[in-house]
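Inside the fold
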Amino acid sequence: MQLLQLMQGAQLSMGVEIGLCNFNDIDDLISFINTDWKKNHIFVKDRKLFEWQHKCKNHYNFVLAKEKGTIIGILGFIPTSQYSNSLISNNEIWLAIWKVKEEAKRPGLGLMMLKFIINFFKNPTICSLGLSPQVISIYKVLKYNVGILSHNAFFNQKNKNYKIGKPDGSHVITLSPNKFKYKISNTVDQISETFFTNHPKKNVEYLIKRYAEHPKYNYSFLSFYDLNNLLSISICREINVRGKKISRIVDSFGENIMEPKFNHVISNFVERHEYEYIDLVSNLKRPQGSGFVSSSDTTIIPNYFEPFEKKNIDIYYAYKSENKLLIFRGDSDQDRPNL
């Protein structure tokens, strides 16, 4: 209840100004990220990446809280329309860096910045991914949908020496041969609008600007066909470590590739490209017989590669929306360089 009361209070009389980050604020914002969020953060070292993700026509997608002209709090956000103006009407926003200067001693300031976004964008769908333990309880009090994404992997059925992940033997299954084929490409084919029925809403322009035109990462488009009929398309990125490699799916459209009927063609893809596994973080359902296995006490599917950590990590999400959201790793800023 106390959190909600802080959220509802005006509190602008406390001498703090809250507003969007203007172009002349950018150096102060980057300095704040470096000193109060993370020393030598990727945005500190790579302004091009920062501008690609957060710069729009009239401002940067950050809310700033200032006291006497000095930044004491920041809240980053990424509208889906950052990658396609056609998505503006959907009014869907992912939150990013959220930090109040520890010595500011301004209770409720973080919530005031969130309230600014809600008011400025006229009650948008707000989503957050990769939550810190400190904010999970806040989202629950604010009655957001809170949960943990599933981390699943389809391990190479013929590999016996795994250096990146660690399966427990349950990954070996009887495959279901069919006539499905796959195609891997660096470009996006035209996709039917029926592939974009889920929320948050996306479109072909979004795929191009978010993935094909990423300033640092090289993404590929993995399409699955039944003869000439496109069933599903996933966006993936190759990761190399310890002399081995995996393919990481960060977004997917069309049919759920964890349906058992895809296990044979996915196995072919993994084997032909000599991947240890292909992994997928999402809130998609994982049916029995898919060949995908979830991270567990006995199955390790690493999350961090920059730097590499061979351990499982829970990825929490929170959202408030009239629609049920289909969430993937590529949403928000969960798939970006860290080094």
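Heads up: the structure comes first, above all this text.
Read on for a plain summary of the structure. Computed from a predicted model, the values in this text were never measured in an experiment.

The next point concerns the sheet that holds strand S7 (residues 150-155). Spatially, the seven strands line up as an open sheet ordered S8-S9-S10-S11-S12-S7-S13, and their pairing is mixed. The open sheet has two free edges, formed respectively by strand S8 (180-185) and strand S13 (293-294), since each of these has just one partner strand. With 10 bridges connecting them, strand S10 (residues 229-241) and strand S11 (residues 244-254) associate as antiparallel partners. Across the sheet, residue isoleucine 239 finds its bridge partner in S11, namely isoleucine 246. Running over the sheet, helix H7 (residues 204-212) touches strand S9 (219-226), S10 and S11 and is turned about 135° from S9. Those strands touched by helix H8 (residues 263-272) are S7, S8, S9, S11 and strand S12 (277-282), and its axis lies near 40° from that of S8.

The set of residues buried in H8 consists of Asn263, Val265, Ile266, Ser267, Phe269 and Val270. Buried positions along H8 lie against S7, S8, S9, S11 and S12. After H8 finishes, the residue glutamate 274 shows a positive phi value of roughly 55°.

So, on to the pattern of salt bridges. On inspection of all chains with the given rule, the structure shows 18 salt bridges. Between aspartate 331 and lysine 202 there is a salt bridge whose closest N-O contact spans 2.7 Å. Residue aspartate 331 is located in the segment after strand S14 (316-320), and its partner lysine 202 is located in the loop between S8 and H7; the two are separated by 129 residues in the primary sequence. Pair check on accessibility: aspartate 331 and lysine 202 agree, each one buried.

Parameters at a glance
- Residues numbered from 1 in each chain as written.
- Predicted model: local features only at pLDDT ≥ 70, side-chain atom pairs only at ≥ 80, totals over all residues.
- Heavy atoms only, no water.
- Pairing = 2+ DSSP bridges.
- Helix = DSSP H or I, 4+ residues; strand = E, 2+ residues; numbered from the N terminus.
- Contact = heavy atoms within 4.5 Å.
- Axes fitted to C-alpha atoms, helices over the stretch in contact; angles between N-to-C directions.
- Buried < 20%, exposed > 50% of the residue type's maximum accessible area, 1.4 Å probe, protein only.
- Salt bridge = Lys/Arg side-chain N within 4 Å of Asp/Glu carboxyl O.

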